[in-house]
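# Fold and geometry: a report
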Amino acid sequence: MVLLSQDEQDAVNVRRLLPDRLADALVWHTSVEEGCRACGTHGPLCVLVGSTPAGGTLADVVTRVRRRAPDAAMLVLEGTHTSHAFRSVANSVQGRADHRHSAPGEFCRNIWVALQRALAGRTVADEEIARDNAVLERGLSPDLALRTDGFTTAFHYAPRRSHALLGGDFCDVVHGDDGSAHVVMGDVSGHGAAAAALGVHLRLAWRTAVLCGRSQLEQLRLLERILTEERAEEEAYATVVSLVLSPHRRTLRMVTAGHPGFLYRHGGEVRWVEPPPGLPLGLFPGQGDWRESEMALLDGDGVVLFTDGLYEGRTAGGRLGEEGLLRLASGLAHLEAQPFVDALVRGVSLLTVPFGGMRDDVAVLHLSCDGKGGA
């Protein structure tokens, strides 16, 4: 709460009438400039205007403060005695007091009504912003459903950020013109909106590179260049794994940049596959030692990509880790694709929730190459 007045007695009188908690929160300024600076980024909830602060008329004070704090409740003090009546100069409180000397209770009620209306206005604005953000994030999220014969997908995506749809983890699937399936999974270091924005940049760049016919190594070089140009912090980096399933569904070509391995489902069993390692993107720009490798696939096989948020959580036996995740996945090998993904995430959650749960973004993408969604 901010008081703008050139009269120190106004500050004394207002503090005397306010409850202790509000009185402690009151900040008094004698000039419009100081008061506007006090509004900060989001502005105060309430601005009281006493005897016109030096440097402007009442209209000037109202205009300048309203420009800096459009959602604040603003009340003008009438009178120069210990008790004050108020009249509204903004949308926050309508009507005016007819008497010159209000009791302390009425003084506080006027402020309370103003604050309630200001908060209600901010709540409506916040809800509108939240809806717009959700629409924007949904528009930036990939469609991971692969609509083509011979391949099916199942997935789980959960950002760490509260009330958000996107995190620093990113994944995507593209069906090539030759019938192949291209898959990417990545993890931007750090958390928050900056990591999520960088993840969107990288995912869209990867999709564009695939559609333009770039090789997997060319894709990684392009992603690293974009990362180094777009990152907000010099130390930001990203891990990535890229897979290509051949049109005849017999070969899986893979390349990784610092990303963990993946699960390979075959014949009712699950095993861990660790492609040849390579440097994360942006860690040492221009020095990427990425290598392509291949493995054979059979009808009914599936691969499960994920980010490290899936296995970094603590359990009763310590960190879950790759071995713990593999043990859990092996017990679910009989399930089809989406039930497998759901049960895997649920199992990790149950193991880690007593110790803080999964504290990072989590992305899981299951790709089956038989069109039936099974292992």
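Residues numbered from 1 in each chain as written. Predicted model: local features only at pLDDT ≥ 70, side-chain atom pairs only at ≥ 80, totals over all residues. Heavy atoms only, no water.

Summing up its helical and strand segments, the protein has nine helices and 17 strands in all. When the 375 residues of the protein are sorted by exposure, 48% land in the buried category. Of all intrachain contacts in the protein linking residues separated by at least 6 positions in sequence, the fraction that spans at least 24 positions is 67%. For the protein, the computed accessible surface area is about 18100 Å², with 51% contributed by carbon and sulfur atoms. (Helix = DSSP H or I, 4+ residues; strand = E, 2+ residues; numbered from the N terminus. Buried < 20%, exposed > 50% of the residue type's maximum accessible area, 1.4 Å probe, protein only. Contact = heavy atoms within 4.5 Å. Areas by Shrake-Rupley, 256 points an atom, 1.4 Å probe, with all protein chains shown as cover.)

On to the sheet that holds strand E7 (residues 169–175). With respect to topology, five strands assemble into an open sheet ordered E7-E8-E9-E10-E13, the strand pairing being antiparallel. Each edge of the sheet is formed by a strand with only one pairing partner; in this case those strands are E7 and strand E13 (293–296). Strand after strand, the sheet turns through a mean of 15° between neighbouring axes, direction not considered. Sitting on the sheet, helix H6 (residues 193–211) is in contact with E7, strand E8 (181–188) and strand E9 (238–245), with an inclination near 15° to E7. (Pairing = 2+ DSSP bridges. Axes fitted to C-alpha atoms, helices over the stretch in contact; angles between N-to-C directions.)

Looking now at the side chain of Asp187. With respect to the element layout, Asp187 can be found in strand E8. If near-sequence neighbours (up to four positions away) are discounted, Asp187 is found in contact with Gly168, Asp169, Phe170, Tyr237, Ala238, Thr239, His259, Thr307 and Asp308.

What the five strands build is an open sheet, ordered E6-E17-E14-E11-E12; its pairing is antiparallel. Every interior strand has two partners, whereas the edge strands, strand E6 (152–158) and strand E12 (269–273), have only one. Put simply, the sheet's adjacent strands are angled 15° from each other on average, direction ignored. In the sheet, strand E14 (residues 302–306) pairs with strand E17 (residues 362–368) via five bridges, with the strands oriented antiparallel. The partner of Leu305 across the bridge, within E17, is Leu365.

If you walk through the whole model with that rule in mind, you get three aromatic pairs. Measuring from ring centre to ring centre gives 6.3 Å for Trp272 and Tyr311, while their planes differ by 80°; the resulting arrangement is edge-to-face. Of the two residues, Trp272 is situated in strand E12 and Tyr311 in the loop between E14 and strand E15 (314–315); the sequence distance between them amounts to 39 residues. With respect to class, Trp272 is no different from Tyr311; both count as buried. Every member of this aromatic cluster is reached through a ring pair, and the members are Trp272, Phe306 and Tyr311. Between Arg265 and the ring centre of Phe340, over which it is positioned, the NZ or CZ distance is 4.0 Å. (Phe/Tyr/Trp six-rings, centres within 6.5 Å; stacked < 30°, edge-to-face > 60°. Lys NZ or Arg CZ within 6 Å of the ring centre and 35° of its normal.)

Once that is clear, we can look at the pairing of E14. Among the five residues of E14, five are classified as buried, and the element is accordingly described as predominantly covered. Relative to E14, strand E11 (residues 262–266) runs antiparallel, the two being bridged by three bridges. When the sheet's bridge partners are listed, Arg265 is paired in E14 with Gly302.

Once that is clear, we can look at the environment of Trp272. Classification of Trp272 as buried rests on a relative accessible area of 19%. A C-alpha to C-alpha distance of 10.0 Å links Trp272 and Ala329, two positions 57 residues apart in sequence. In terms of polar contacts, Trp272 uses its side chain to reach the side chain of Glu274, at 2.8 Å. (Polar contact = N/O pair within 3.5 Å; in protein donor to acceptor, adjacent residues only side chain to side chain.)

To continue, consider the pattern of salt bridges. A full pass over the atoms with the stated rule returns eight salt bridges. Here Asp299 and Arg250 are joined by a salt bridge, their closest N and O atoms 3.0 Å apart. Taken together, the positions of Asp299 in the loop between E13 and E14 and Arg250 in the loop between E9 and strand E10 (251–257) put the pair 49 residues apart, joining distant regions of the chain. Residue Glu312 pairs with Arg319 through a salt bridge whose shortest N-O separation is 3.0 Å. Taken together, the shared-partner salt bridges in this structure form one network comprising Asp172, Arg203 and Arg207. (Salt bridge = Lys/Arg side-chain N within 4 Å of Asp/Glu carboxyl O.)

On to the packing of H6 against helix H7 (residues 216–230), then. One way to put it is that H6 packs onto H7 with a least axis distance of 10 Å and a crossing angle of 150°. It follows that H6 is roughly antiparallel to H7 by the angle criterion. Along this stretch, H6 crosses H7, giving a crossing that reads as right-handed. Counted together, Leu198, His201, Leu202, Ala205, Trp206, Ala209 and Val210 of H6 and Gln219, Leu222, Leu223, Ile226, Leu227 and Glu230 of H7 form the full contact between these two elements. For the contact of H6 with H7, the class distribution of residues is ten nonpolar, two polar and one charged. (Parallel < 35°, antiparallel > 145°, perpendicular 65-115°, else oblique. Left-handed = near helix turned anticlockwise from the far one by under 90°. Nonpolar A, V, L, I, M, F, W, Y, C, P; charged D, E, K, R; others polar.)

It is worth spelling out a nonpolar patch on the surface at this point. Residues Tyr237, Leu283 and Phe284 make up a contiguous nonpolar surface patch of about 260 Å² in total accessible area. Take Leu283: it is sitting in the loop between E12 and E13. (Patch = residues over 30% accessible without salt bridge, like charges linked within 9 Å, V, L, I, M, F, W, Y side chains within 5 Å.)

The residue Ser242 is located in strand E9 in this model. Owing to a relative accessible area of 2%, Ser242 belongs among the buried residues under this scheme. Separated by 60 residues in sequence, Ser242 and His182 have C-alpha atoms that sit 7.5 Å apart. The contact partners of Ser242, leaving out residues within four places of it in the chain, are Val183, Trp206, Gln216, Gln219, Arg253, Met254 and Val255.

This paragraph deals with the confidence of the model for the protein. Across the protein, the average pLDDT comes to 80, with 74% of residues at 70 or higher. Scored below 50 in pLDDT, residues 371–375 shows 15 contacts in the model against residues more than four places distant or in partner chains. (pLDDT = per-residue confidence, 0-100.)

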